[in-house]
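Residue-level listing of the chains:
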Amino acid sequence: MARGLISLALLLVATAATPAISLAQSSSFVSADRRIAIDVTQAEKNHILFEMREFLHGLHNINYAMAKQDMKALATTARPMGALLDRIPPSLKERLPEEFTQMAIAFNEALQLLASKAEARAGSGEAGLRETHENIAEVLTYCSGCHDTYRFNVSTKKPRK
Ligand code: HEC
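For clarity, every value in this text was computed on a predicted model and none was experimentally measured.

Colleague: I keep staring at helix 3 (residues 71-81) and nothing clicks. Help me out?
Modeller: Since the α-helix turns once every 3.6 residues, residues separated by three or four places project in the same direction. Residues Met71, Leu74, Ala75, Thr77, Ala78 and Met81 constitute the buried set of helix 3. In this structure, the buried residues of helix 3 make contact with helix 2 (42-68), helix 4 (84-87), helix 6 (98-120) and helix 7 (125-149). Capping of helix 3 at its N-terminal end is provided by Asp70; its side-chain oxygen lies 3.3 Å from the backbone amide nitrogen of Lys72.

Quick look at the structure:
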């Protein structure tokens, strides 16, 4: 009887835990890194990763501005974020894969669009905020797209042109 209750309890626990278990099983351990490596020096890597961490601060400010419905603050944050390529050291810029550069250009365009549209829609209520949210999501697709595709590899070899 006691044993029967224990098995029933275990069965219930197992059933209750099913969604979590299947989620864990579905995201199989990713051991292979298939991203394209871009050779950089340690200093170049430090520089770009600093820029990247600034992007997270930028996203924080953008979200905060959305919560306050302060489109001026949103635009003031979004505009300068876009010029990533201008802040990359020239030595590295000329070695970047063409697609990386294209993605950075499109990322900038998405940020400039977000800034100008948000300002134009200021005070236009719920619908305007929803559209601005969509523009933010568009910017994020470039963050993810680039991260899914590239990684930096610190190389001691003299970088190829
Ligand atoms: C054009 C390419 C590109 C874009 C756009 C981009 N990133 Fe990155 N980011 C990278 C690469 C490459 C790395 C390094 C990944 C690696 O080597 O594992 C990186 C690393 C990072 C890191 C890790 C920083 C650290 O100290 O390790 C953060 C955080 C980050 N990015 C945030 C963002 C955010 C937020 C956005 C969008 C607002 C963004 N990035 C847009 C290419 C990009």
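Right, picking up where we left off after that structure.
Colleague: It is not clear to me how the coordination of the iron atom of the ligand should be interpreted in this structure. Could you clarify?
Modeller: Ideal donor angles around a metal are set by the shape: a four-donor tetrahedron calls for 109.5 degrees, a six-donor octahedron for 90 or 180 degrees. With distances of 2.0 to 2.2 Å, the protein atoms coordinating the iron atom of the ligand are Met52 (SD) and His147 (NE2). Given six donor atoms and angles of 88 to 178 degrees at the metal, the environment of the iron atom of the ligand is assigned as octahedral. With a gap of 95 residues between them, Met52 in helix 2 and His147 in helix 7 connect regions that are remote in the sequence. Accessibility expressed as a relative area gives 46% for His147, which makes it partly exposed.

Colleague: Would you mind showing me how to read the packing of aromatic side chains here?
Modeller: The description of two aromatic rings rests on the distance between their centres and on the angle between their planes. Using the criterion set out here, one finds three aromatic pairs in the structure. Taking 5.2 Å as the distance between ring centres and 65 degrees as the angle between the ring planes, the aromatic pair formed by Phe55 and Phe107 counts as edge-to-face. Residue Phe55 is found in helix 2, and its partner Phe107 is found in helix 6; the two are separated by 52 residues along the sequence. Both residues of the pair, Phe55 and Phe107, belong to the buried class. Judged by centre distance (6.3 Å) and plane angle (55 degrees), the ring pair of Phe100 and Phe152 falls under tilted. With Phe100 in helix 6 and Phe152 in strand 2 (residues 150-154), the pair connects residues that are 52 residues apart, well separated along the chain. The exposure class of Phe100 is buried, given its relative accessible area of 4%. These aromatic residues form a ring-pair network of at least three members: Phe100, Tyr150 and Phe152.

Rules and cut-offs
- Residues numbered from 1 in each chain as written.
- Predicted model: local features only at pLDDT ≥ 70, side-chain atom pairs only at ≥ 80, totals over all residues.
- Heavy atoms only, no water.
- Buried < 20%, exposed > 50% of the residue type's maximum accessible area, 1.4 Å probe, protein only.
- Helix = DSSP H or I, 4+ residues; strand = E, 2+ residues; numbered from the N terminus.
- Contact = heavy atoms within 4.5 Å.
- Polar contact = N/O pair within 3.5 Å; in protein donor to acceptor, adjacent residues only side chain to side chain.
- Donors = N, O, S within 2.8 Å, 3.2 Å for Na, K, Ca; no water.
- Tetrahedral: all angles 85-135°; square planar, octahedral: opposite > 155°, others 65-115°.
- Phe/Tyr/Trp six-rings, centres within 6.5 Å; stacked < 30°, edge-to-face > 60°.

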